[in-house]
Amino acid sequence: MANSSRQAVDPSVPGTKIEVKRRNFDPAFRWLTVSCGLLLLLAVAGIFVELLRGSLPSLEKFGARFLVSQAWNPVTGDFGALSSIYGTLVSTAIAMVVAVPLSLIIALFLVELAPPRVSSLVGGAIELLAAIPSIIYGMWGLFVFAPFMADYVQPFLERVSGGFILFSGAPMGIGMLTAGLILALMILPFITSVTRDVFLMVPAVVKESAYGLGSTTWEVTRKVTIPYGSQGILGACFLGLGRAIGETMAVTFVIGNRHEVSLSLFAAANTIASTLANEFTEASEELYLSSLIELGLVLFLLTFLIQLAAQYWLKRTRRKMGAGQ
Amino acid sequence: MKGRSIKVRRAADFAIRVLASGAALVGIGFLGWILIVVLGRGIGSINWAFFTEMPAPPGIEGGGLANAIVGTVLMTFFATGVGVPIGMLAGIFLAEFGRETRLAEWVRFGSNILMGVPSIITGVFVYIILVVPMQNFSGVAGAVALAIIMLPVVTRTTEDMLNLVPNTLRESALALGAPRWKVTLGVVFRGAKTGLVTGVLLAVARVSGETAPLLFTALNSPYWPRSLNEPTANLTVTIFNYAMSPYPDWQAKAWGASFLITAGVLGATLFTRGLLWYRSRH
């Protein structure tokens, strides 16, 4: 940039004055952008530090027992995270089990099977699922989907499974299974769109070679496209996982909010996020609030690790496929 | 691919095709289901009073959510005012100055992590740094929480959009003697205008539907938002409170508010998509 200040563009203005101004403003502009970038890093660090500081009273009182205790009693001041962590993990697991295969096969439909116009229409519609705010999923889930589950899906599952422990108990509609299914619907567009991009990155030559050998579309997908894009698909799944694990409002509406671990998927449960949403403003005592903040810290660390994994796999994919395009 | 007859392979292929089309239909079906429910249940609550009147106590006819609508607009506005400039400058750093440097890699990493932070955690963070010291819930805290959520989104879109501008344009401007900041703001930004506008619109649409970060920052309020230094009424937390209440007329209001939020967010999303489509054709 040394040259940029050499000559004034407008000869009517005295050159020296402009030179000084320019030389001074460019570094300032650069410094401004750098500091805004650093602000992002500062925000991440700030969240971690403040959550850690906020959880100190709870960390000192309960130690590691916090993670494995099922107690949650604001009156006696005894708190444990087990039911919230369990609910978070199980509801997320349900979401992944449903959403991953569904997303993969929808991505396959969009890339390999549908004609271009249908593909862009369907792809656009699926992406709209991601635009619907979380609270709308909650409203729909509580007033429409939960009664539907109670009337049709849960009695059906109980009958078919013969009262298997996972599918037993009163079909109330709300509970772990309903929350997991709504989560699945919410992360579906994220996994689908990243997987679609990964599928599109597979070089056409590789696929055409397989077609040339007489493979069917499914065989090309199973033996060429999916293995080729496996790392990217893994990244997409972690991205969806990160979304599901921290999702708050939709889950809070339908999970039933109960601090107890139950094997039945029909039972009311809670997640870290739903516990925070329900109880944070009620927590008047220091220890209660601190326990809630420690729950938040656990959730933050979980999403942090998941993001690390997602970025790692997606970056490797981009590096590998970058040359192929 | 040996051993299996062509018939079996064709059948498997056909089954997958049917399955894939079915899965796509399932996705669209759920989208349609949600939209129809929100439209069907919400449209009945939308009338003139909904936009102009204050909330009525349960059991009393009429009333509206004028205060919540204004509160949501105000907080989104302030969040945009803070989040967009900072996010754009960070994006400029990544695309124009930082590029492949170690520092830029770190900022990119931080931005990705921040994008993955659950919005309720952002709410807890802002509660600790603003609500506790100020000793009351406030619209300012809500706006800051929304701004933090916008930041990484704006940063990434800005970087992506600026990267699309060809380097020759920068070089031409620099060769004419323009300083770097002028090249960025006057030339590169102009080249990336449509992309930037759509990115910002999408970020605004996204945060305007957020609930979790407002729960313990802006809280909610039955009163008119006179200043952002006090708990501020907003649509999304109102939906949450009203939906959880046992009163049918409040629940109806919650559906009305849901309709409004959905229409706003989806409208903005479709508008930006139309804009991009239009630009790509002309």
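Student: It is not clear to me how the nonpolar core should be interpreted in this structure. Could you clarify?
Tutor: Core analysis: the largest hydrophobic core is formed by 177 residues, its most contacted members being Leu51, Tyr137 and Phe280 of chain A together with Ile120 and Ile121 of chain B. When near neighbours in sequence (up to four residues on either side) are disregarded, Ile120 of chain B contacts Thr248, Ala273, Leu276, Ala277 and Leu299 of chain A together with Ala212 and Phe216 of chain B.

Student: How should I be thinking about a nonpolar patch on the surface in this particular structure?
Tutor: Residue and element names in this part refer to chain A. A cluster of nonpolar side chains, namely Phe48, Val49, Leu52, Leu56, Leu59 and Leu301, defines an oily patch on the protein surface of about 430 Å² accessible area. By residue number, the principal contributor to the nonpolar patch is helix H1 (residues 15–62), which donates five residues. Within the fold, Leu56 resides in helix H1. Judged by its relative accessible area of 40%, Leu56 is partly exposed.

Student: Teacher, can you tell me more about the domain arrangement of chain A here?
Tutor: Interfaces are frequently sized by the accessible area removed from exposure as the parts join. All names here are of chain A. What the domain assignment reports for chain A is domain 1 (2–62) and domain 2 (80–322). Computed over C-alpha atoms, the centres of domain 1 and domain 2 are 37 Å apart. Each partner contributes to the interface: domain 1 provides 13 residues, whereas domain 2 provides 10 residues. Both faces combined, the contact of domain 1 with domain 2 buries some 980 Å², and carbon together with sulfur accounts for 76% of it.

Student: I tried to follow the interface of chain B and chain A on my own but got confused; where do I start?
Tutor: Contacts between chain B and chain A engage 85 residues on the former and 81 residues on the latter. Note on chain B versus chain A: buried area summed over both sides is about 7,500 Å², and carbon and sulfur give 80% of it. Across the chain B-chain A interface, the total number found is three salt bridges. Where Glu105 of chain B meets Lys315 of chain A, a salt bridge forms, and the shortest distance between an N and an O atom there is 3.5 Å.

What counts and how
Residues numbered from 1 in each chain as written. Chains lettered and ligands numbered in written order. Predicted model: local features only at pLDDT ≥ 70, side-chain atom pairs only at ≥ 80, totals over all residues. Heavy atoms only, no water. Core = buried A, V, L, I, M, F, W, Y, C linked by side-chain atoms within 4.5 Å. Buried < 20%, exposed > 50% of the residue type's maximum accessible area, 1.4 Å probe, protein only. Contact = heavy atoms within 4.5 Å. Patch = residues over 30% accessible without salt bridge, like charges linked within 9 Å, V, L, I, M, F, W, Y side chains within 5 Å. Areas by Shrake-Rupley, 256 points an atom, 1.4 Å probe, with all protein chains shown as cover. Salt bridge = Lys/Arg side-chain N within 4 Å of Asp/Glu carboxyl O. Helix = DSSP H or I, 4+ residues; strand = E, 2+ residues; numbered from the N terminus. Domains from an automatic or database assignment. Buried area = accessible area lost by both parts, 1.4 Å probe.

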